[in-house]
Structure formats: C-alpha cells, structure tokens
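# Close look at the chain arrangement
These are the residues of each chain, in order.
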Amino acid sequence: MGRQRVLSGIQPTGNLHLGNYLGAIRNWVEIQSQYENFFCVVDLHAITLPHNPASLAADTYAIAALYLACGIDLKYSTIFVQSHVPAHAELTWLLNCITPLNWLTDMIQFKEKALKQGENVGVGLLDYPVLMASDILLYEADKVPVGEDQKQHLELTRDLVNRFNHQFAQPNQPVLKLPEPLIKKEGARIMSLTDGTKKMSKSDPSELSRINLLDSPDEINKKIKRCKTDAIRGLEFDNPERPECNNLLTLYMLLSGKSKEEVAAECQDMGWGQFKPILAETTINALKPIQEKYHAVIKDKGYLESVLRHGKHKAEAIANQTLAKVKTAMGFSLPL
Ligand code: TYM
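Residues numbered from 1 in each chain as written. Predicted model: local features only at pLDDT ≥ 70, side-chain atom pairs only at ≥ 80, totals over all residues. Heavy atoms only, no water.

## Thoughts on the site of the ligand
The test is simple: Near residues are defined by distance, with any heavy atom within 4 Å of the molecule or strand qualifying the residue. Here a polar contact is taken to be a pair of N or O atoms separated by no more than 3.5 Å, where protein atoms must pair a possible hydrogen donor with a possible acceptor and residues adjacent in sequence count only if both atoms sit in side chains. Accessibility throughout is a Shrake-Rupley quantity obtained with a 1.4 Å probe, and a residue counts as covered only by protein chains that appear here. Per the convention used, a helix needs a DSSP run of H or I reaching at least four residues, while a strand needs a run of E reaching at least two, with both numbered from the N terminus. Think of it as three bins: nonpolar holds Ala, Val, Leu, Ile, Met, Phe, Trp, Tyr, Cys and Pro, charged holds Asp, Glu, Lys and Arg, and polar takes everything else, Gly as well.
Q11, Y128, D135, D149 and I190 are the nearest of the 28 residues found near the ligand. Q150 places a side-chain nitrogen or oxygen 3.2 Å from a nitrogen atom of the ligand. Look at the ligand: alone it shows 710 Å² of surface, and the protein chains cover 96% of it. Listing elements by their share of the shell around the ligand, those giving two or more residues are strand 1 (5-10), helix 1 (18-31) and helix 6 (123-138). Considered class by class, the residues forming the shell around the ligand number twelve nonpolar, eleven polar and five charged.

Shown next as structure tokens:
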C-alpha cells in the first residue's frame, strides 16, 4: 500500500503570520516525509471577500515561495495553485447541489465574516466550505493538517462525504473518501498580540495584532514591545485570567523549540520587561532562515513557475480521476 495522502492550503490574502506558520505550515513540514502531500495556494478562496486584482497573482506566487521557504520539500510534496486545476470549481458545483443551505449558514466563519460585510456579502463567501471540501476530496486526502479555526469546515466536509456516498455510491463501495483533520494541540490557535481572547488574523485592521513571517527585526521588536500584557509578575501557562500570558509563552515555546516544562520553569519568576526582549530575539532568529530562503526563491520566477507547472500536472491527473468517478456516480455522460 502507498503512503497516506495529505492535503492542505492557505489563502493568498496578504502576508502570512505566525498563526498560519505555527498552526499549519510548520506541521506540514514536520509530517511531510511520512505522507504523499499536496499543498495548495487557494486563490479561488481569496476572492470570496473583495480582493485586489492587481496583486492576486503576485500574492499567489508569494505564498508558494513561502511554502518552500518554510521547508516544504518537493521530494515529498506537491505545491500547486487551486485555480490552475479547474476540477476544484467543477466539483464544487456538483457538491453544491447536495449541500443543504442551512449547513452553510450555520458556519461560524461565515457568520463572522458576513457580519463584517453587511449587505455586500457574496454567494462565494457562503459557498466557501464547499470549495474547501472539493479541495480535500479531489485528492482523496486521508489527513488534513489545519489550525483549530478550520475544524468546523472539516466536519462539514465529512458530512458531505457521508451524504454523497449515501445518495450515489453502492453500499460498501464509497466514491468519496472520508478525511480526518490533524489539529495539533500546541499552536492550533495563536492569539492576537493586542487581545489575547481573539485569534491572530490577516483581517485584523491593526498590524500590531500580528507578526508576519516577513516582518523585519525592527517591526518584530516594535510589535512585541507594544503587545498587550498584564500587571502580574511571574509568567505562567494555562491561566484563563491571563490569555495574553499563555499566548506569548506558547509563542516562545514553539519558536525556541523548548518544552512547555522548560519554558514554565525558565519564566516563572520573570517580569514582562525581562521576557519581551527574549521573545523578540527568539522570534527574529526563528524567522531569519525563512526570510532568507524566501528572498532567494521569489527572485527566481522561472524556478517558481516550473514548480507550479509541475504541481499543476501532478495535481490535475489525480483530481480529474476523482471528478470522473463522481460524475459517473451521479449519472452524467462523460465527455466524448
Ligand atoms: P487560512 O488561509 O485562513 O489559514 C491557513 C491556515 O492557517 C491556520 N491559521 C491559524 N492557526 C493557528 N492560529 C491562528 N491564529 C491561525 N490563523 C490561521 C488555519 O487554520 C489554516 O490551517 N479555508 C482555509 C484554506 C483552505 C484549506 C483547504 C485548508 C482551503 N481549502 C483545504 C485545508 C484543506 C483558510 O481560509 O485558511
């Protein structure tokens, strides 16, 4: 039997931040040698909110370059762009037709984002989880490594698989494969630097709320210096009254590679004035090799294009097979 398959993706909307890195990409890198992996830049998802056409293509390339810079290895993994494989959009249409509307209106992310959009909310935003399900199901992924905020979308994907197989597959011969989320305990929910009860997010209007992977040492120093803390001396994990403290210690733990026990012991008597410069230096050092590799890769457009061209061919071959299976099960005549 071959290796199990992994699929995951990130939207090319602006800069990636530490939440995307620690909740997703770093885990992809860690597990990639055990699986056959597909990592997608989900540009069709990026237009579910108003977007800037002048930067979409460049942002898409930047995310692919960051995947490589963070350590995605082409020996184990395929990197491709979602819109380069038309099967994603086509499977979305087919699955739309079996998705109950209330499954989508119940999604937490939809409700949160729709609230911000007011009357301008588009159908694409509502349909976003069906497109995500298509991304996963086309590759018959066994595992989907994501941050905590994607858990509900993975549950919807699983519900769709059961519904599809129930309606269109022969008993005991499923057409679609049931994927499992892989959500690591530590780092699955990195919080904002300005409010420890909100997740770190690309859409937060304040730049001070997040550290981007490409931030300069000066920016990182400034953001950590200004981040929200509390008035209590002695730093600790897991105190619900101190969400900022837990988040900053978690960042230090993950970026330094130290264990939770080591960090708890090291920081238990520290004040913020002592801890912040240590966290800033650790963050700068952890991001430095990623930034160096990113700048080398992004300069070499020809190389990046060849990676994505190869990725498209490999992804497309698998995606088209699944799509044909789905269409046959639904009773379509296949194209001549
Ligand atoms: P996106 O682009 O919002 O985020 C990409 C990945 O980063 C994780 N993440 C976080 N993890 C920890 N703490 C945070 N503060 C944080 N913010 C973001 C997300 O959980 C995600 O893993 N719908 C997806 C993209 C997608 C996808 C897919 C993922 C499209 N198709 C198929 C997996 C499989 C999204 O918008 O992620």
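Structure's up, so let's keep going.
## Observations concerning the pattern of salt bridges
Our working definition: Each salt bridge in this description consists of a side-chain nitrogen of Lys or Arg and a carboxyl oxygen of Asp or Glu lying within 4 Å of one another. For every residue, the accessible area obtained with a 1.4 Å probe (protein chains only) is divided by the maximum for its type, and the residue is called buried under 20%, exposed over 50%, and partly exposed between those limits.
Per the stated rule, a full pass over the model turns up 19 salt bridges. Here R5 makes a salt bridge to E36, at a shortest N to O gap of 3.1 Å. Taken together, the residues span a long stretch of sequence, with R5 in strand 1 and E36 in strand 2 (residues 36-41) at a distance of 31 residues. The class of R5 is buried, set by a relative accessible area of 17%. In this structure, the salt-bridge partner of D215 is K223, at a minimum N-O distance of 2.7 Å. On the basis of relative accessible area, D215 is assigned to the buried category, the value being 4%. Its relative accessible area of 5% is what places K223 among the buried residues. Through salt bridges with shared partners, a single ionic network connects E207, R210, D215 and K223.

## Quick word on the environment of Y76
Of note, Y76 is situated in the loop between helix 2 (53-70) and strand 3 (77-81). Sequence separation of Y76 and V29 is 47 residues, and the distance between their C-alpha atoms is 9.7 Å.

## Here's the deal with helix 3 (residues 87-96)
Side chains three or four residues apart in an α-helix point the same way, a direct result of the helix having 3.6 residues per turn. Note the cut-off: The arc refers to the directions leading from the helix axis to the C-beta atoms.
Inspection of helix 3 places A87, H88, L91, T92, L94 and L95 among the buried residues, and these make up the whole buried set. Looking down the long axis of helix 3, one finds its buried residues gathered within 165° of arc, a one-sided arrangement.

## Structural notes on unusual backbone geometry
A positive phi angle, close to 65°, is found at N172, a residue other than glycine. Positionally, N172 belongs in the loop between helix 7 (151-168) and strand 5 (180-182). With a relative accessible area of 78%, N172 lands in the exposed category. A positive phi angle, close to 60°, is found at D238, a residue other than glycine. Locating D238 in the fold gives a position in the loop between helix 8 (217-226) and helix 9 (243-256). A relative accessible area of 53% places D238 in the exposed class.

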